[in-house]
Amino acid sequence: MLNEALSAYIYITLLLDNHGRPINYLRLAVTDRCNLRCFYCMPEHGLDWLSRAELMSYEEMLRTCRVMMGMGINKIRITGGEPFVRKDIMKLMTAISNLQGLNELTLTTNGVLTAPYVADLKKIGVRSVNLSLDTLDAARFFAITLRDEFASVMHTMQELLKHGIEVKINTVVMAGKNTQDIIPLVNLTKELPVSVRFIEEMPFNGDGHAYSGMTWDYVKIFEEIRSVFPDIQKTPDPTYSTSYNYNMPGHKGSIGIIAAYSRTFCGTCNRIRITPQGTLKTCLYDDGVLNIKDLMRSGADDTVLQGGLLKAMSNREKDGWMAELKSMQKPGKRESMASIGG
């Protein structure tokens, strides 16, 4: 009886998928709203924003984090949309930072509103922030985002570095839009201790149009960099890393290349996502497998929530290609990256 009880305890407290991959990383999207209009993320006019009632409340998010941390989640990333457009976001992050068992709390932000909160982020233990920045040219920044906020983003980067918070710059590489920025962004790492990660463009602009395909894949991005930096050196990729990582001799920072569309890292994927409306996504490319918010609002206790999570993970697709194929069989337009926590 003791062995059976111990086995049951391990079963409900460790989150494994049906392919044997341990899950310890949650990306929690707190809003679908954003103060930029990056064309690869959403239509120019924005989205049909979720109402307050459709969003998970902070209390529901905190409960979700607590339950999942009891099942092995120990890293949480706050995402959006843009997290700082949601009121009192620091209250949620502070509460999450105090949960027992959390090893790492981090954040993805576009940096427009972030600078005034950097000291508070440091105070609650945030050691790393992903900063979305697709160009170092102010005019191209406006062309991509439709907002004149380049200076605000750069100020946020400076504040993060000043407070000793690691900065990872996320750059989506887009043919005809910002490929001329690849080398300037690599040069940024010469004097600044930042990690610039070049990301393949993905089909999540929310406009309902078919994706025409990607021309700048991770191989082409690497060859572009190597043509200027022939002494580029491969560095070890951390466990569960989604990026191929490199150093340039003499540079204070580093670079990474993320095969987000090619999906070369699915075999070691340790992450799940929760959208602002509470939908669990076991893969960026699936269409959602469980609505946690609805379960909570129906009166489900923590045991029921655990059971729902275990069932969802027991049916996880092997990789992003299979998840996308299954998702595309259902009617409806493509999602926006802002609405799924990109």
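The numbering scheme is per chain: residues are counted from 1 as the chain's sequence reads. The predicted origin of the model limits local features to residues at a pLDDT of at least 70 and limits the giving and counting of side-chain atom pairs to 80 or more, whereas totals for whole chains, interfaces and linings rest on all residues. Water and hydrogen atoms play no part in the side-chain values, which are based on all heavy atoms of the structure.

**Here's the deal with the pairing of strand 1 (residues 25-29)**
Which entries qualify depends on this criterion: Only protein chains enter the calculation, and the probe is 1.4 Å; a residue is then buried if its accessible area is under 20% of its type maximum, exposed if over 50%, and partly exposed in between. Helix and strand definitions follow DSSP, with helices as H or I runs of at least four residues and strands as E runs of at least two, each counted in order from the N terminus. A pair of strands is labelled paired if DSSP reports no fewer than 2 bridges between them.
Among the five residues in strand 1, five count as buried, and that is most of the element. Residues of strand 1 alternate between two faces, with Tyr25, Arg27 and Ala29 on one and Leu26 and Leu28 on the opposite face, all of them buried. Summarising the sheet, strand 1 and strand 2 (residues 75-79) pair through five bridges and their orientation is parallel. Its bridge partner being in strand 2, Leu28 is matched across the sheet by Ile78.

**Examining the packing of aromatic side chains**
To keep things clear, this is the line we draw: The rule is short: rings of Phe, Tyr and Trp, with Trp giving its six-membered ring, pair when the centres are within 6.5 Å, and they are stacked under 30 degrees, edge-to-face over 60, tilted in between. Two conditions define a charge located above a ring, namely a distance within 6 Å from the ring centre to NZ of Lys or CZ of Arg, and an angle within 35 degrees of the ring normal.
Within this structure, the stated rule accounts for five aromatic pairs. Between the aromatic rings of Tyr218 and Tyr244, the centroid separation amounts to 5.4 Å while the plane-to-plane angle is 25 degrees, which identifies the pairing as stacked. Of the two residues, Tyr218 sits in helix 8 (residues 218-228) while Tyr244 sits in strand 8 (residues 243-247), which places them 26 residues apart along the sequence. Of the residues examined, Tyr244 reaches a relative accessible area of 24% and is grouped as partly exposed. Across from the ring centre of Tyr261, 4.9 Å away, lies the NZ or CZ of Arg263, which sits over that ring. In this structure, Arg263 packs its charged tip against the face of Tyr285, placed 3.6 Å from the ring centre.

**Side note on the sheet that holds strand 4 (residues 128-132)**
In plain terms, the rule: Residues are treated as being in contact if the distance between any of their heavy atoms lies within 4.5 Å. Fitting a line to C-alpha atoms yields each axis, with helices limited to the stretch in contact; the angle taken between N-to-C directions then spans 0 to 180 degrees.
Strand order in the open sheet formed by 12 strands is 7-8-9-6-5-4-3-2-1-10-11-12, and the pairing between neighbours is mixed. Strand pairing shows two members of the sheet lacking a second neighbour, strand 7 (233-234) and strand 12 (290-291), which therefore form its edges. Across five bridges, the pairing between strand 6 (residues 195-200) and strand 9 (residues 254-258) is parallel. Considered in strand 9, the bridge of Arg197 is made with Gly256. Contacts from helix 8 reach strand 5 (166-173), strand 6, strand 8 and strand 9, with the element oriented near 155 degrees to strand 9.

**What about unusual backbone geometry?**
Excluding glycine, residues mostly have negative phi values, and the peptide bonds linking residues are mostly trans. Of the consecutive residues Gly80 and Gly81, the connecting peptide bond is found in the cis state with omega at 20 degrees. Position of Gly81 among the secondary structure elements: in the loop between strand 2 and helix 3 (89-97). Even without a glycine there, the phi angle at Leu146 is positive, about 60 degrees.

**Here's the deal with the pairing of strand 10 (residues 271-274)**
Here strand 10 shows a buried face lined by Arg271 and Arg273 and a second buried face lined by Ile272 and Ile274. Relative to strand 10, strand 1 is paired through four bridges, and the arrangement is parallel. Within strand 10, the position partnered with Leu28 by the bridge is Ile274. Sheet analysis places strand 10 next to strand 11 (residues 279-281), joined by two bridges and oriented antiparallel. Bridge pairing links Ile274 to Leu280 in strand 11. If you look at the hairpin formed by strand 10 and strand 11, you'll find four residues sitting between the two strands, and Gly278 has a positive phi there, around 90 degrees.

**Some words on helix 2 (residues 58-69)**
Convention followed: A helix is expected to span 1.5 Å multiplied by its residue count minus one.
In this model, helix 2 (12 residues) spans 16 Å end to end at C-alpha, consistent with the 16 Å of a helix rising 1.5 Å per residue. The complete set of buried residues in helix 2 reads Tyr58, Glu60, Met61, Thr64, Cys65, Val67, Met68 and Met69.

**Description of the environment of Leu55**
Looking at the secondary structure, you find Leu55 in the loop between strand 1 and helix 2. Along the sequence, Leu55 and Val30 sit 25 residues apart, while their C-alpha atoms lie 8.0 Å from each other. The contact partners of Leu55, leaving out residues within four places of it in the chain, are Val30, Thr31, Asp32, Leu50, Glu60, Arg86, Pro276, Lys293 and Arg297.

**Remarks on the pattern of salt bridges**
Threshold: Between Lys or Arg on one side and Asp or Glu on the other, a salt bridge is scored when a side-chain nitrogen of the former is within 4 Å of a carboxyl oxygen of the latter.
Within this structure, the stated rule accounts for 11 salt bridges. Arg297 is paired through a salt bridge with Glu60; the nearest N and O atoms lie 2.8 Å apart. Of this pair, Arg297 sits in helix 9 (residues 292-297) while Glu60 sits in helix 2, and the two are 237 residues apart along the sequence. For Glu60, a relative accessible area of 13% puts it in the buried group. The partner of Asp88 in a salt bridge is Lys91, with the nearest N and O atoms 3.9 Å apart. Within the structure, one salt-bridge network assembled from shared partners comprises Asp17, Arg21 and Arg316.

This is a description of form; function is not addressed.
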